[in-house]
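Single-letter residue listing:
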Amino acid sequence: MKSFVRDLPHYMLLIGILLAGFAGLTLFSYDRNFQIAVALATGISYVSWGLIHHHIHRDLHFEVFMEYLAVAILGTVIIFSLILQ
Amino acid sequence: MQLLRFLHHLFIPHESNNQKGKILHPSSLTIIAVFLVGFQLLLNVFPRGLPRVLGYAANISPGEVIRLTNAQRAANGLSTVTENANLDSAALAKGNDMLAKGYWAHFAPDGTSPWSFFLSFGYKYQYAGENLARDFSNANDAVNAWMNSPTHRENILNSKYKEIGIGVVEGNLAGVDTTVIVQFFGAPLGNSPSIPIAQAQEQGKSVALKPSIAPKKLATPSLSPEPTIAPVIIRTPTPLPQASPQSISSVFISPFSSTKNLSSAVLGLLLMALSIDIIVIRRKRIARIGGRTLAHIAFLGMILAVILILKAGQII
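Just so we're clear, the structure is a prediction, and the values are computed from it rather than from any experiment. (Residues numbered from 1 in each chain as written. Chains lettered and ligands numbered in written order. Predicted model: local features only at pLDDT ≥ 70, side-chain atom pairs only at ≥ 80, totals over all residues. Heavy atoms only, no water.)

**A closer look at the nonpolar core**
Short version of the rule: For this analysis, a nonpolar core means a set of buried residues of the types Ala, Val, Leu, Ile, Met, Phe, Trp, Tyr and Cys, connected via side-chain atoms within 4.5 Å. Any residue under 20% of the maximum accessible area for its type is buried, any over 50% is exposed, and the rest in between are partly exposed; the area is computed with a 1.4 Å probe on protein chains only. Helix numbering and strand numbering both begin at the N terminus, where a helix is a DSSP run of H or I of at least 4 residues and a strand a DSSP run of E of at least 2.
Counting 47 residues, the largest nonpolar core has A:Tyr46, A:Leu74, A:Ile79, B:Ile23, B:Leu270, B:Phe299 and B:Leu300 as the members making the most contacts within it. Elements with a contribution of two residues or more to this core: helix H2 (8-27), helix H3 (32-56) and helix H4 (62-83) of chain A together with helix H1 (2-11), helix H2 (26-49), helix H8 (255-284) and helix H9 (293-309) of chain B. The element that contributes the greatest number of residues to this core is H4(A), accounting for 11 residues. Counting 26 residues, the second largest nonpolar core, distinct from the first, contains B:Ala133, B:Ala142, B:Ala145 and B:Trp146.

**Quick word on a nonpolar patch on the surface**
Residues and elements named next belong to chain A. Note the cut-off: Each patch is assembled from residues with relative accessible area greater than 30% and no salt bridge, linking like charges that lie within 9 Å and nonpolar side chains (Val, Leu, Ile, Met, Phe, Trp, Tyr) that lie within 5 Å. Accessibility throughout is a Shrake-Rupley quantity obtained with a 1.4 Å probe, and a residue counts as covered only by protein chains that appear here. Just to be clear on terms, a salt bridge is a Lys or Arg side-chain nitrogen sitting within 4 Å of an Asp or Glu carboxyl oxygen.
Taken together, the side chains of Leu27, Phe28 and Phe34 define a hydrophobic patch exposed on the protein surface, amounting to about 270 Å² of accessible area. Along the chain, the position of Phe28 falls in the loop between H2 and H3. Phe28 gets classed as partly exposed once you look at its relative accessible area, which sits at 31%.

**Examining the pairing of strand S4 (residues 176-188) of chain B**
Residues and elements named next belong to chain B. Note the threshold: Pairing between two strands requires that DSSP report at least two bridges joining them.
Buried residues dominate S4, accounting for 13 of its 13 residues. Of the two faces of S4, both are covered, the one formed by Val176, Thr178, Val180, Val182, Phe184, Gly186 and Pro188 as well as the one formed by Asp177, Thr179, Ile181, Gln183, Phe185 and Ala187. What sits between strand S3 (residues 163-173) and S4 in their antiparallel hairpin is a turn of two residues, with Ala174 showing a positive phi close to 55 degrees.

**Describing the pattern of salt bridges**
All names here are of chain B. All told, the structure shown has 10 salt bridges over all chains when counted by the stated rule. With its nearest N and O atoms 2.9 Å apart, the salt bridge here joins Lys101 to Asp110. Judged by relative accessible area, which is 52%, Asp110 ranks as exposed. Ionic pairing is found between Lys311 and Asp141, a salt bridge with its closest N-O pair at 3.4 Å. Residue Lys311 is located in the loop between H9 and strand S7 (314-315), and its partner Asp141 is located in helix H6 (residues 139-148); the two are separated by 170 residues in the primary sequence. What makes Asp141 buried here is its relative accessible area of 18%. One connected set of salt bridges, linked through shared partners, spans Asp97, Lys101 and Asp110.

**With respect to the interface of chain A and chain B**
Applied cut-off: Contact between two residues is taken to exist if any of their heavy atoms lie within 4.5 Å; hydrogens are not considered. Buried area: the accessible surface (1.4 Å probe) lost by two parts on joining, summed over both.
Taken together, the contact between chain A and chain B spans 37 residues of the former and 41 residues of the latter. Each partner contributes to the roughly 3500 Å² buried at the junction of chain A and chain B, and carbon and sulfur atoms together form 74% of this total. The interface formed by chain A and chain B contains two salt bridges. Counting residues per element, the ones that place at least two in the side of chain A that touches chain B are H2, H3 and H4 of chain A. Of the residues forming the side of chain A that touches chain B, the biggest block, 16 residues, is contributed by H4(A).

**Quick look at the UniProt feature "transmembrane region" (unreviewed entry) in chain A**
Stated formally: UniProt positions are given in the numbering used here, feature names are shortened, and annotations may be inferred rather than shown by experiment.
Look at the UniProt record and you will see "transmembrane region" (unreviewed entry) annotated at residues 12-30, 36-52 and 64-84 of chain A. Between the first and last C-alpha atoms of residues 12-30 of chain A the distance is 29 Å; the span itself is 84% helix and 0% strand.

**With respect to the side chain of B:Arg73**
All names here are of chain B. Here is the rule: Under this rule, positive means Lys or Arg and negative means Asp or Glu; His and the chain ends count for nothing.
The residue Arg73 is located in helix H3 (residues 62-75) in this model. Glu163 is the oppositely charged side chain nearest to the buried, salt-bridge-free Arg73, at an N-O distance of 12 Å. If we skip the residues at most four places from it in the chain, Arg73 touches Leu78, Ser79, Thr80, Val81, Ile156, Leu157, Asn158, Ser159 and Tyr161.

Here it is as structure tokens:
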């Protein structure tokens, strides 16, 4: 809990990124190309957030990067599987 | 017992799985992603082997689409558009043409424009417009999707249009049974002696034919060097097409619903695993190298929210 409170600005930024992604994907459901761009941007932003967050905390390792990358890829694949139907 | 051990290994942080449920390891997440891609490939290959298994059940009547369109126009202070038999026939012909030639676009691969359907059925237009929709299960969702798109909304709320024709066709498009809705708008030539203008709203861009005295593709006898020719509206006495029967196609698998359900299940499972992970790690005060579980929960939670909101259907 302490770490969460300490990292509140980081998580606020993450929430902002995710809200922007959510808004882009839902409000522009008529524009497939834009949805693809938003999905990719959200995934990349998520990985970037993870890298910067862990770099600041000095616990950035290759395994951590792979974890964020795997989660981002999975999320993007799921979104693509629906918008590219 | 072995199953319990396997589930324990999969979900509970332990020495055996490096203090993180196996399902949350990057390798497992990658396998899940590959599985989902494979599922999509299967959905695309499936129709070739067993046609008419994949599809979208629909319950759409042209009358309902017109009613909803006019409701939107009335809500925006516009006059209603009246149903025109020739436009209905033209829209139906366009829909059938799309299914026969296997294309999903305003202009056919052979260059046939939407306006040629207007003219084929004797509708000489002053203004013309087209909206297309497919894979919607009901008229309300289709009209809402058009209204949410600025360019399609522009067509529906265009004060220049006076008449409407709707074609609803069911058939196989790219291996998937679907329902295509063709919405034609028009204003008959003769409202004012000016040059015909036609507009097909492509996604994000308006393909408006610039008014020209000698348009290249419009082969209409009404176009002449003298735009002041007394307008003649030729109406071929065509009986109103039968409204598409309120049919519910009996399809076994909806590609969109299948994907949505599978994705929701996968995400639900992962979110559960992440929740277990965060609880166990905090209780046991385990120190480990890894990403922030809370961040993963937030990201995958956002993805789940998006896929729950997304609906089937495309418009152009």
